[in-house]
Amino acid sequence: MISSPILTRAQVGFVIEAARKAELRRDIQALQEILQEVWSDTNVEPNFSIYEPLVEAELLRLCGAFLTFSGNSALVKNRHLRAKDLLSKSIRIFEENQLIEKVVEANILLGFCYANCGDNDTFDAIYDYLEQNYASFLSTSMKVLMLINRQMIDLFLNRIDKVIELAENSSFLISCCQETRLKAMYFTNLGIAYFLNEKPKLSIYYLNEAIGYCVEVKSKFMEATCYNSLAGAYLKDGNFDEAAYYSHKSIELSKKIKNNSLLANCLDTLASIHLIRNDFENALEIIEKSVDLFSKGEDYNGYIQALWTKIGCLLKLERLSEALSEFIELINICNTQINEETANRYKLKFEKLIFIRKGLPIEEEVFQFEKELTREALLNTNGKIVEAAKLLGLDNYQALQYSLKHKFPELKEEFSFKNAELKKNKKKSVDSDILDEKKPKTNKLKSGNALLEKIKPVDLPSKIFSFDFRNPPKEIETFLADPKKLKKFGIGETSILAISPLEEIRSGRNVMIYESDERIVGTINWDSFSKLHFIFDQNDQPIPVTPENVIGEFVAHCPLKDAKGAIIEFRKLANFI
């Protein structure tokens, strides 16, 4: 369907020239307004078959450019898919007419479509193909354009050394380039590379050079991009005031040009500035706006970076459970939208962030945490998949079905017969409650979790408890533990432990926690780097202590061999505070 009047050759030539200038400036709003002359409804697929083939191909390419850049800047989903279709048609026509530079130019845009969707592998494959088949036939400007986009993919894939090496080997090519726009893009990429390579002063130098070119070509988009990168470079250089200045400047400009993707990235930078200044609450508020913007679009690279900043904020605020939940979301996006290599890179970063000195493997902890969330959702919905998926915040119940089949088959087996046992279990639960009234009050965590042989609850309803220190706890729960669990407290024999409710988590307290189907006893430590409380298990591995996993405070013990009489005499721990 043609949604606009047919233009003369001169008129359509004017449209193409004006649209191309807007494209080069990345002025998406101007590009849309110009293309309205031939494509008034951007929700309808354009049909330019009434024009001669090369005009048709260039119009399709420009419309594809609009869809991919606007889809990314406005964070609108599905535009990249439509752009791929238009660009593929354009490439086919250019290939039939053997216009090599136009084939390359359209393929570069096609690569952007994949990169904007997080598909870096396809982006990489497209550029490998172009370099192998067309590089020797290209003009200097087109070679520089390919170099710039190779820089971009290497930045996406964190191959920073390759970006810098490529720049060092291309200085002559850049000196021969006459297009100011390309120089602006080149020096922007180089500035970002040096920023990521921990060389902020070099980054600042090249970004300032890039800004001069951006102003010259009147590209507000590239100018705002440089300001945001400059803020990051000053932040890494320790100049927080300059970082904040350029960050606010980039946010103001990105709002002015209505580029939500750039705005989300700029908010991420500002949140990082607040984070490093220990202004955690404001940092979290800002990064949540960034995450919300990214979640509406398909810029998955930006999305996971914003999630990573949010995780840092949550850890600083000691909200470990929320941080783990966000980390699960980040890894899921990496695995489904980007690649496994990126997921593994973030797993390693997360391990170092939580316990940099001990190197605690976090993958199993995250797996268990996700499994527990899934199980809780199924319990709360009586095993109903659709309702549980909604409770977990999943887009569809098929995602939960997939997890149950491939990740948590034991949960699938458990809940496959659970509904049939509901009435029976309910009756058992009521009977148990009646019996429990006759027993000493116990911690709720005991009845809801699996018990191990090494530390398990002990019911002593017929015993009388006494303590060898003043002001003993009014409420205790008793556990049995072997010497392996107690050697850190100087206890060399199997003993009954007295566990009292813990009012506050702080260093020096001796506690029992529930972790991965095991009860562990230890003294609370504080890690100033991760801002987390933790205890060491019997293998000297650190485990986070949170309000969710604390059973209580370990206040006293009684050797099992001394517990034969009517009175259980608990002894005070040597390092009890």
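Keep in mind the model is a prediction, meaning the values are calculated, not measured.

The next thing to look at is the packing of aromatic side chains. Counted by the stated rule, this structure contains 17 aromatic pairs. Relative to Tyr213, the ring of Phe187 lies with its centre 5.9 Å away and its plane at 10 degrees, an arrangement referred to as stacked. In this pair, Phe187 sits in helix α10 (residues 180-196) while Tyr213 sits in helix α11 (residues 200-216), placing the two residues 26 residues apart along the sequence. The burial state of Phe187 is the same as that of Tyr213; both residues are buried. Aromatic ring contacts, followed pair by pair, group Tyr186, Phe187, Tyr194, Tyr205, Tyr206 and Tyr213 into a single cluster. Sitting over the face of the ring of Phe195, Lys236 holds its NZ or CZ atom 4.3 Å from the ring centroid.

The next point concerns the pattern of salt bridges. Here the structure, examined in full by the defined rule, presents 22 salt bridges. Salt-bridge contacts for Lys102 lead to Glu105; the nearest nitrogen and oxygen are separated by 3.0 Å. Of the two residues, Lys102 and Glu105 are both situated in helix α5 (residues 100-116); the distance of 3 residues between them amounts to about one turn of the helix. A salt bridge links Lys310 to Glu326; the shortest N-O distance between them is 3.1 Å.

A word on the sheet that holds strand β9 (residues 542-544). Strand order in the open sheet formed by 3 strands is β7-β8-β9, and the pairing between neighbours is antiparallel. In this open sheet, the two edge strands, each paired with only one partner strand, are β7 (525-527) and β9. Within the sheet, the average angular offset between the axes of one strand and its neighbour, ignoring direction, is 45 degrees. With 3 bridges joining them, β7 and strand β8 (residues 532-536) adopt antiparallel strand pairing. Residue pairing for β8: Trp526 is matched across the bridge by His533.

Let's shift gears to the packing of helix α16 (residues 300-316) against helix α17 (residues 320-337). Remark: α16 packs on α17, axes separated minimally by 9 Å, with the N-to-C direction vectors making an angle of 165 degrees. In terms of orientation, α16 and α17 fall into the roughly antiparallel class. For the crossing formed where α16 meets α17, the hand is left-handed. Facing Tyr300, Tyr303, Ile304, Leu307, Trp308, Lys310, Ile311, Leu314 and Leu315 of α16, the residues of α17 in contact are Leu320, Glu322, Ala323, Glu326, Phe327, Glu329, Leu330, Ile333, Cys334 and Gln337. Of the residues that constitute the contact of α16 with α17, the class distribution is 14 nonpolar, 1 polar and 4 charged.

On to the nonpolar core, then. Core analysis: the largest hydrophobic core is formed by 129 residues, its most contacted members being Leu35, Val38, Ile108 and Leu330. For Leu35, the contacting residues outside a window of four places in its chain are Ala19, Leu62, Cys63 and Phe66.

Moving on, we get to the environment of Asn265. By secondary structure assignment, the location of Asn265 is in helix α14 (residues 260-276). Here Asn265 falls in the partly exposed class, since its relative accessible area comes to 25%. Between the C-alpha atom of Asn265 and that of Thr225, which follows or precedes it by 40 residues, the distance is 9.0 Å. In this structure Asn265 touches Asn228, Phe294, Asp299 and Gly302, once residues within four positions along its chain are discounted.

The next thing to look at is unusual backbone geometry. With a phi angle near 60 degrees, Glu198 is a residue other than glycine that sits in the positive phi range. Relative to the helices and strands, Glu198 is located in the loop between α10 and α11. In this model, Lys258 sits at a positive phi of 55 degrees, which is unusual for a non-glycine residue. Its place among the elements puts Lys258 in the loop between α13 (240-256) and α14. The exposure class of Lys258 is exposed, given its relative accessible area of 60%.

Attention now moves to the pairing of strand β10 (residues 550-559). Counting buried positions along β10 gives 10 out of 10 residues, so the element sits mostly inside the fold. Relative to β10, strand β4 (residues 495-500) is paired through 6 bridges, and the arrangement is antiparallel. Its bridge partner lying in β10, Ile496 is registered against Cys558. Judged from the 3 bridges that link them, strand β5 (residues 510-515) and β10 form a sheet pairing that is antiparallel. From the neighbouring strand, Val511 faces β10, where its bridge partner is Glu553.

For the rest of this paragraph, the subject is helix α6 (residues 120-134). The end-to-end C-alpha distance of α6, which contains 15 residues, comes to 21 Å, matching closely the 21 Å that a straight helix rising 1.5 Å per residue would cover. Taken residue by residue, α6 has Asn120, Phe123, Asp124, Ile126, Tyr127, Leu130 and Tyr134 as its buried positions. Taken end-on, α6 shows its buried residues confined to a sector of 160 degrees, consistent with a single buried face.

Reading the values: rules and limits
- Residues numbered from 1 in each chain as written.
- Predicted model: local features only at pLDDT ≥ 70, side-chain atom pairs only at ≥ 80, totals over all residues.
- Heavy atoms only, no water.
- Phe/Tyr/Trp six-rings, centres within 6.5 Å; stacked < 30°, edge-to-face > 60°.
- Helix = DSSP H or I, 4+ residues; strand = E, 2+ residues; numbered from the N terminus.
- Buried < 20%, exposed > 50% of the residue type's maximum accessible area, 1.4 Å probe, protein only.
- Lys NZ or Arg CZ within 6 Å of the ring centre and 35° of its normal.
- Salt bridge = Lys/Arg side-chain N within 4 Å of Asp/Glu carboxyl O.
- Pairing = 2+ DSSP bridges.
- Axes fitted to C-alpha atoms, helices over the stretch in contact; angles between N-to-C directions.
- Parallel < 35°, antiparallel > 145°, perpendicular 65-115°, else oblique.
- Left-handed = near helix turned anticlockwise from the far one by under 90°.
- Contact = heavy atoms within 4.5 Å.
- Nonpolar A, V, L, I, M, F, W, Y, C, P; charged D, E, K, R; others polar.
- Core = buried A, V, L, I, M, F, W, Y, C linked by side-chain atoms within 4.5 Å.
- Expected span 1.5 Å × (residues − 1).
- Arc of directions from axis to C-beta.

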